[in-house]
Amino acid sequence: LLNNSVQYLKQASLMIVFNLLKKVISPLLLRRHVQKSTFCFISSNVLQITSCGLFATSAVDKFKSSSNFRRTFLLAFYTAMILLRTVLNREIWFDPLGKIFGGWGLYEDGQFTTESIENFMLFVPFSILLLWAFQKELLDESENIRFGKTVWKATKVVAVFSFMIEFTQLLFHLGTFQISDLTYNTLGGAVGGVIYYLGYCRKRKNKMRNRGQLSEH
């Protein structure tokens, strides 16, 4: 009986010590795990922020030093704005072909609308930025550019881009597919090509005039 009692006391003492150690060590391990997880989370965020900061710094330096980078960046930014307005920020339409022949005038269903003007004006800056960024690639000419080729290239690229937008709207039911949108967008691209050609000719004329004045002096 005495031996059984001693054995029982030993087991009870071991259980008590085990429970005490469990209560003391468990929070420490949990805290260590939390600290380790927090440290990893903070470290990853710091690395991401640092890498983003380095990328932003290099991008700003590139933007300041390279004219080609500025042109491409502005074109990409404006293209993103076009996609945001025409595709990404549109509501779901259950009948995207319901107004396929609409949108030509300033009045629709008895209400005044500027959608046709907006569709025209939207692609005027786009074609200007496009020709400004990729003049050599599109026109194959670095100094003298021709009027017809400039307007044709701008019109063709804008027509293809506009059709892709309209097809995306039709495919995913984002807005309505309208022939008027495609037409006004293409006309805006053609006008942008004309404006770019006139601006380029004026700039080239001023450059030649300045060269002539410098040669006289």
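The shown structure was predicted, so the numbers you read here are calculated from the model rather than taken from an experiment.

Criteria and thresholds
- Residues numbered from 1 in each chain as written.
- Predicted model: local features only at pLDDT ≥ 70, side-chain atom pairs only at ≥ 80, totals over all residues.
- Heavy atoms only, no water.
- Salt bridge = Lys/Arg side-chain N within 4 Å of Asp/Glu carboxyl O.
- Helix = DSSP H or I, 4+ residues; strand = E, 2+ residues; numbered from the N terminus.
- Core = buried A, V, L, I, M, F, W, Y, C linked by side-chain atoms within 4.5 Å.
- Buried < 20%, exposed > 50% of the residue type's maximum accessible area, 1.4 Å probe, protein only.
- Contact = heavy atoms within 4.5 Å.
- Patch = residues over 30% accessible without salt bridge, like charges linked within 9 Å, V, L, I, M, F, W, Y side chains within 5 Å.
- Areas by Shrake-Rupley, 256 points an atom, 1.4 Å probe, with all protein chains shown as cover.
- pLDDT = per-residue confidence, 0-100.
- Phe/Tyr/Trp six-rings, centres within 6.5 Å; stacked < 30°, edge-to-face > 60°.
- Expected span 1.5 Å × (residues − 1).
- Arc of directions from axis to C-beta.

Enquirer: Describe the pattern of salt bridges, listing the residues and the values that go with them.
Expert: Scanning the entire structure with this criterion turns up 1 salt bridge. Here Glu118 ties to Arg85 by a salt bridge, and the two come within 2.5 Å at their closest N and O atoms. Of this pair, Glu118 sits in helix H3 (residues 115-122) while Arg85 sits in helix H2 (residues 67-88), and the two are 33 residues apart along the sequence.

Enquirer: Please provide a residue-by-residue account of the nonpolar core, values included.
Expert: Counting 22 residues, the largest nonpolar core has Ile82, Phe123 and Phe126 as the members making the most contacts within it. Among the secondary structure elements, those contributing two or more residues to this core are H2, helix H4 (124-133), helix H5 (135-139), helix H6 (147-172) and helix H7 (179-216). Discounting residues that sit within four places of it in the chain, Phe123 has contacts with Ile82, Val158, Phe161, Ile165, Asn185, Gly188 and Gly189.

Enquirer: Talk me through a nonpolar patch on the surface; I want residue IDs and the actual numbers.
Expert: Together, Phe73, Leu74, Phe77, Met81, Leu83, Leu84, Leu88 and Trp132 make up an exposed nonpolar region whose accessible area comes to about 720 Å². In terms of residues, the nonpolar patch owes the most to one element, H2, which gives 7 residues. Along the chain, the position of Met81 falls in helix H2. Residue Met81 is classed as partly exposed on the basis of its relative accessible area of 37%.

Enquirer: Go over the environment of Arg70 with me, naming the residues and quoting the values.
Expert: When you line up the elements, Arg70 lands in helix H2. Judged by relative accessible area, Arg70 falls into the partly exposed class, the value being 28%. Between the alpha carbons of Arg70 and Ala133 there is a distance of 8.5 Å; along the sequence they are 63 residues apart.

Enquirer: Account for the confidence of the model for the protein, with residues named and values stated.
Expert: Averaged over every residue, the pLDDT of the protein is 77; the share at 70 or more is 67%. Taking the mean pLDDT of every element in the protein, the minimum, 53, falls on helix H1 (residues 2-65) and the maximum, 95, on H4. Predicted confidence for residues 28-43 stays below pLDDT 50, and this span has 0 contacts to residues more than four positions away or in other chains.

Enquirer: Hey, could you go over the packing of aromatic side chains for me, with residue numbers and the actual values?
Expert: Each aromatic ring pair is specified by the distance between its two centres and by the angle formed by the two planes. The full count for this structure, using the stated rule, is 9 aromatic pairs. Measuring from ring centre to ring centre gives 6.3 Å for Tyr196 and Tyr200, while their planes differ by 25°; the resulting arrangement is stacked. Taken together, the positions of Tyr196 and Tyr200, both in helix H7 and 4 residues apart, correspond to about one turn of that helix. Its relative accessible area of 10% is what places Tyr196 among the buried residues. Taken together, the ring pairs connect Phe123, Phe126 and Phe161 into an aromatic cluster.

Enquirer: I'd like a description of H2, backed by residues and values.
Expert: With 22 residues, H2 ought to run about 32 Å at 1.5 Å a step, and its terminal C-alpha atoms sit 29 Å apart, in line with that. All buried positions along H2 are accounted for by Leu75, Tyr78, Thr79, Ile82, Thr86 and Val87. Relative to the axis of H2, the buried residues are bounded by an arc of 135° and lie together on one face. Of the surrounding elements, those touching the buried residues of H2 are H3, H4 and H6.

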